[in-house]
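Observations on the model geometry
Residue strings, one per chain:
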Amino acid sequence: MHLHILGIGGTFMGGLALIARAAGHRVTGCDAGVYPPMSTQLAEQGIDLVEGYGAEQLSLRPDLFVIGNVVSRGNPLMEAILEAGAPYVSGPQWLGDHILVGRHVLAVAGTHGKTTTSAMLAWILEHTGRRPNFLVGGVAQDLKVSARFDPAQPLFVIEADEYDTAFFDKRSKFVHYRPRTAILNNLEYDHADIFPDLAAIETQFHHLVRTIPGTGRIVLPTRSEALERVLARGCWSGTTRFGNDGDWLAEAVQPDGSFTVRHAGKPAGTVRWALLGEHNILNGLAAIAAADHVGVEPAAAVEALSAFGGVKRRMELRGTVRGVAVYDDFAHHPTAIATTLDGLRRRVGDARILAVLEPRSNTMKLGTMAERLPPALASADRVFCFGTHTGKHALGWDPARVLAPLGDRASSYGDLDAMVQAIARTATAGDHVVVMSNGGFGGIHGKLLDALAAPGPAREPS
């Protein structure tokens, strides 16, 4: 079957493309402005990509158009598909109906940490010889790709997003996956463009809970009021909790990030890795608990996590120039920003942290959580925000006003090149620059590394 995927450059749809091809289908796709790591991965896998959404792609005459949720009414190719009466389906539904059916699905849901936790879980299963299928919203250093499919393997790890499925299916993506093991990592308000409040998201999570069989397992943190409200609406599966007072605990946490795992009162070993922050410790506990449900001994899971190399765009070191380290991170929600910076602060001590932020998600552009940014950025010594209240890169809020509580530590820019030069002038040897965005951010990482390397005026004083 020939599948033509609309929105193939997204992390989910790009991974779906790899899976469909592994399942024996011919795969082509289209998107606009695709950027790494997905553009690189698609090219490496030899999948043909058409730039843009021109209606002429209807002449490709695929057996089925697979639609990503980036596509909306008014999209010229989608309008042509509708006018022609051509067959189409959403990506999540195609995956659920043709790939996940009959498999043991391990789904990772939550506001934060889905990609990292999914990668950890897939790596634990891989390291212990179980060869899982997986679809993760990023490229794990150890797994090499964001998705893999072998029809002979029964386990499938999937990042389970609560965002809506498609313009014609407003249910959350994860209702199509029907997991037997589900991690509910955390739950906060997000996606202000489609959910009016937290209660609406809780309803979607309850829809997911309703699909888990009685012999299934739900893995969730302790002390999450939102998730407890979800389960209070009905729960028919086994549960296990991680974190303070939970079934799975982290003890003896060290400054280098290592920690001892304890389960049911017994130590299971010590995780020794290079990852930062309490959030990654909790992600690790969740992954170990989920792996336990498919028979992985906790000690073996601990050993696997100690060999976990992380995920691209999750505190990924992009380079060090003249003693200035530049990191790339996907954080774009105030909670994720705060935990990312806090984890780095614990690692680097008194060294300066320069936070570079692009409020790119729909929620952040709308300004729903803008007032939470100053406390989220408190661990940074300097803050550079890309976006202004007016002009080409206008936000629905005024960064200068919102970041005013940070005083002269914060500044905002509407010109990317001007911001890069300002960061380069400010940064000095020993500084750590964390670039946070859920998009390509105009290739800022390379531009910044080049600017740091270029001869120029003396750096600004600390």
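Residues numbered from 1 in each chain as written. Predicted model: local features only at pLDDT ≥ 70, side-chain atom pairs only at ≥ 80, totals over all residues. Heavy atoms only, no water.

1. A word on the overall build of the chain
Summing up its helical and strand segments, the chain has 15 helices and 23 strands in all. Expressed as lengths along the three principal axes of its C-alpha atoms, the size of the chain is roughly 60 × 60 × 40 Å. Buried positions account for 57% of the 462 residues belonging to the chain. Carbon together with sulfur atoms contributes 50% to the accessible area of the chain, which is approximately 18,100 Å² in total. Averaging the locations of the 43 positively and 47 negatively charged side chains of the chain gives two centres separated by 2 Å. (Helix = DSSP H or I, 4+ residues; strand = E, 2+ residues; numbered from the N terminus. Buried < 20%, exposed > 50% of the residue type's maximum accessible area, 1.4 Å probe, protein only. Areas by Shrake-Rupley, 256 points an atom, 1.4 Å probe, with all protein chains shown as cover. Lys, Arg positive; Asp, Glu negative; His and termini not counted. Charge placed at Lys NZ, Arg CZ, Asp CG, Glu CD.)

2. Focus: the sheet that holds strand 5 (residues 88-90)
Reading across from one edge, 3-2-1-4-5 is the order of the 5 strands in this open sheet, with parallel pairing throughout. The open sheet is flanked by strand 3 (48-51) and strand 5, the only strands paired with a single partner. Neighbour-to-neighbour, the strand axes of this sheet turn through a mean angle of 25°, independent of strand direction. Sheet topology note: the strand 1 (residues 2-6)/strand 4 (residues 64-67) ladder contains 4 bridges and is parallel. Paired with H4 across the strands is F65, a residue of strand 4. Relative to the sheet, helix 4 (residues 91-100) contacts strand 1, strand 4 and strand 5, its axis offset from that of strand 5 by approximately 90°. (Pairing = 2+ DSSP bridges. Axes fitted to C-alpha atoms, helices over the stretch in contact; angles between N-to-C directions. Contact = heavy atoms within 4.5 Å.)

3. Quick word on the packing of helix 5 (residues 114-127) against helix 8 (residues 278-293)
One can describe the packing of helix 5 onto helix 8 by two numbers: an axis separation of 9 Å at closest approach and a directional angle of 45°. With respect to each other, helix 5 and helix 8 are oriented oblique. By crossing handedness, the relation of helix 5 to helix 8 is classed as right-handed. Taking contact as the criterion, the partners of T116, T117, M120, L121, I124 and L125 in helix 5 are, on helix 8, N280, N283, G284, A286, A287, I288, A290 and A291. (Parallel < 35°, antiparallel > 145°, perpendicular 65-115°, else oblique. Left-handed = near helix turned anticlockwise from the far one by under 90°.)

4. Notes on the domain arrangement of the chain
In terms of domains, the chain is made up of domain 1 (2-90), domain 2 (100-307) and domain 3 (316-453). On a C-alpha basis, the centroid separation for the pair domain 1 and domain 2 is 28 Å. Listed by partner, the interface residues are 21 residues for domain 1 and 20 residues for domain 2. For the pair domain 1 and domain 2, the summed buried area comes to about 1,600 Å², and 71% of that belongs to carbon and sulfur atoms. Looking at the side of domain 1 facing domain 2, the largest losses of area belong to F12, I19 and N69, adding up to 37% of the total buried there. Applying the counting rule to domain 1 against domain 2 returns 0 salt bridges. (Domains from an automatic or database assignment. Buried area = accessible area lost by both parts, 1.4 Å probe. Salt bridge = Lys/Arg side-chain N within 4 Å of Asp/Glu carboxyl O.)

5. Description of the UniProt feature "domain: Mur ligase central" (unreviewed entry) in the chain
Taking the UniProt record as the reference, the feature "domain: Mur ligase central" (unreviewed entry) is found at residues 108-291. Annotation note: span residues 108-291, helix share 26%, strand share 26%, distance between end C-alpha atoms 12 Å. (UniProt positions renumbered as here; feature names shortened; annotations may be inferred.)

6. Things to note about the sheet that holds strand 21 (residues 382-386)
Strand-to-strand pairing in sheets goes through backbone hydrogen bonds, with the strands running parallel or antiparallel. Taken in spatial order, the 6 strands line up as 18-19-23-20-21-22 in an open sheet, and their pairing is mixed. Where the open sheet ends on each side, the last strands, each with one partner, are strand 18 (316-321) and strand 22 (410-413). Pairwise comparison of adjacent strand axes, ignoring direction, gives a mean angle of 20° for this sheet. As defined by bridge partners, strand 20 (residues 353-357) adjoins strand 21 across 4 bridges and the pair is classed as parallel. Opposite L357, over in strand 21, you have C385 as the bridge partner. Contacting strand 19 (324-329), strand 20 and strand 23 (432-436), helix 10 (residues 334-348) runs over the sheet at an angle of about 165° to strand 23.

7. A look at the packing of aromatic side chains
Enumeration over the complete set of coordinates arrives at 5 aromatic pairs. The interplanar angle of 75° and the centroid separation of 5.1 Å between the aromatic rings of Y88 and F168 together place this pair among those described as edge-to-face. Residue Y88 is found in strand 5, and its partner F168 is found in the loop between strand 10 (164-166) and strand 11 (169-172); the two are separated by 80 residues along the sequence. Judged by centre distance (6.4 Å) and plane angle (25°), the rings of F384 and Y413 are stacked. Placement of the pair is F384 in strand 21 and Y413 in strand 22, with a sequence separation of 29 residues. An aromatic cluster of three or more residues is present, and its members are Y88, F167 and F168. (Phe/Tyr/Trp six-rings, centres within 6.5 Å; stacked < 30°, edge-to-face > 60°.)

8. Focus: unusual backbone geometry
At R178, a position not held by glycine, the phi torsion is positive, near 50°. Mapped onto the secondary structure, R178 falls in the loop between strand 11 and strand 12 (181-184). Judged by its relative accessible area of 65%, R178 falls in the exposed class. A positive phi angle, near 50°, is found at R322, a position not held by glycine. Inspection of the secondary structure puts R322 in the loop between strand 18 and strand 19.

9. Regarding the pattern of salt bridges
It is possible for side chains of opposite charge to pair when their charged atoms get near one another. Taken as a whole and judged by the stated rule, the model has 18 salt bridges. The shortest N-O distance in the salt bridge between R131 and E126 comes to 3.2 Å. Assessed through its relative accessible area of 40%, R131 is described here as partly exposed. When salt bridges that share partners are traced, they join E126, R131 and R148 into one network.

10. Focus on the nonpolar core
L95 and L121 are the most contacted members of the largest nonpolar core, which totals 91 residues. Here the element with the most residues in this core is helix 8; it accounts for 8 residues. Split by domain, the residues of this core number at least three in each of domain 1 (2-90) and domain 2 (100-307). When neighbours within four sequence positions are excluded, L121 is seen to be in contact with L106, V108, V157, I183, A287, A290 and A291. Counting 28 residues, the second-largest nonpolar core is a separate cluster that includes A376, L395, W397 and L403. (Core = buried A, V, L, I, M, F, W, Y, C linked by side-chain atoms within 4.5 Å.)

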